[in-house]
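Structural description and commentary
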Amino acid sequence: MEPVHIPADLVDQLERLALVDFRSKQGLACLEEAIRFADQLHAVDTSGVEPMDSVLEDRSLNLREDAVTEGDCAEELLQLSKHTVEEYFVAPPGNIPLPTREERATILKHSALIT
């Protein structure tokens, strides 16, 4: 099977979101396998299939109108966070130290998985 080429920027973003270390060949192989598995979904024909409101198929869910009753305080709330990116809170890093992009480039310079 042809290797999946994963841009370094995407690896950076996925590490930060998943708090998983992809610096090793084993970590990258795991990521590559997950991408291959997910790519199989593109082969599924969903034409004529209505989207689900919930994964709980056996229950009737009462959906409410999404009406704002109070709010408009996103800027105030974001100021409470120590770290933000764009308009999102940034969770503290997990139990792995994330290298800088330069450090990652050095670590992975011989990897065929990163472009």
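It should be noted that the structure appears before, not after, this text.
Residues numbered from 1 in each chain as written. Predicted model: local features only at pLDDT ≥ 70, side-chain atom pairs only at ≥ 80, totals over all residues. Heavy atoms only, no water.

**Here's the deal with the overall build of the chain**
- Counting secondary structure elements, the chain contains four helices and two strands.
- Helices and strands appear in the chain in the N-to-C order α-α-α-β-β-α.
- Here the chain, with 115 residues, has 18% of them falling under the buried criterion.
- When the accessible area of the chain is evaluated, it comes to approximately 10200 Å², of which 55% is carbon and sulfur surface. (Helix = DSSP H or I, 4+ residues; strand = E, 2+ residues; numbered from the N terminus. Buried < 20%, exposed > 50% of the residue type's maximum accessible area, 1.4 Å probe, protein only. Areas by Shrake-Rupley, 256 points an atom, 1.4 Å probe, with all protein chains shown as cover.)

**Section: unusual backbone geometry**
- One non-glycine residue, D72, lies in positive phi territory at about 55°.
- Among the structural elements, D72 can be located in the loop between α2 (25-39) and α3 (74-78).
- Phi at E86 is positive, roughly 55°, even though this residue is not glycine.
- Among the secondary structure elements, E86 is positioned in the loop between β1 (84-85) and β2 (88-89).
- The class of E86 is exposed, set by a relative accessible area of 71%.

**Re α2**
- Between its first and last C-alpha, α2 extends 21 Å over 15 residues, near the 21 Å set by a 1.5 Å rise per residue.
- If you check which residues of α2 are buried, you get G27, L28, L31, E32 and R36. (Expected span 1.5 Å × (residues − 1).)

**Side note on the pattern of salt bridges**
- Under the criterion given, the structure shown has three salt bridges.
- Note that R36 and E32 form a salt bridge whose closest N and O atoms lie 2.8 Å from each other. One end of the pair is R36 and the other is E32, both in helix α2 and four residues apart, which spans about a single turn. E32 shares its class with R36; the two are buried.
- Of the charged contacts in the structure, one is a salt bridge between R64 and D66, with a shortest N-O distance of 3.9 Å. The two residues R64 and D66 agree in class, both being exposed.
- Put simply, E32, E33 and R36 are held in one network by salt bridges that share partners. (Salt bridge = Lys/Arg side-chain N within 4 Å of Asp/Glu carboxyl O.)

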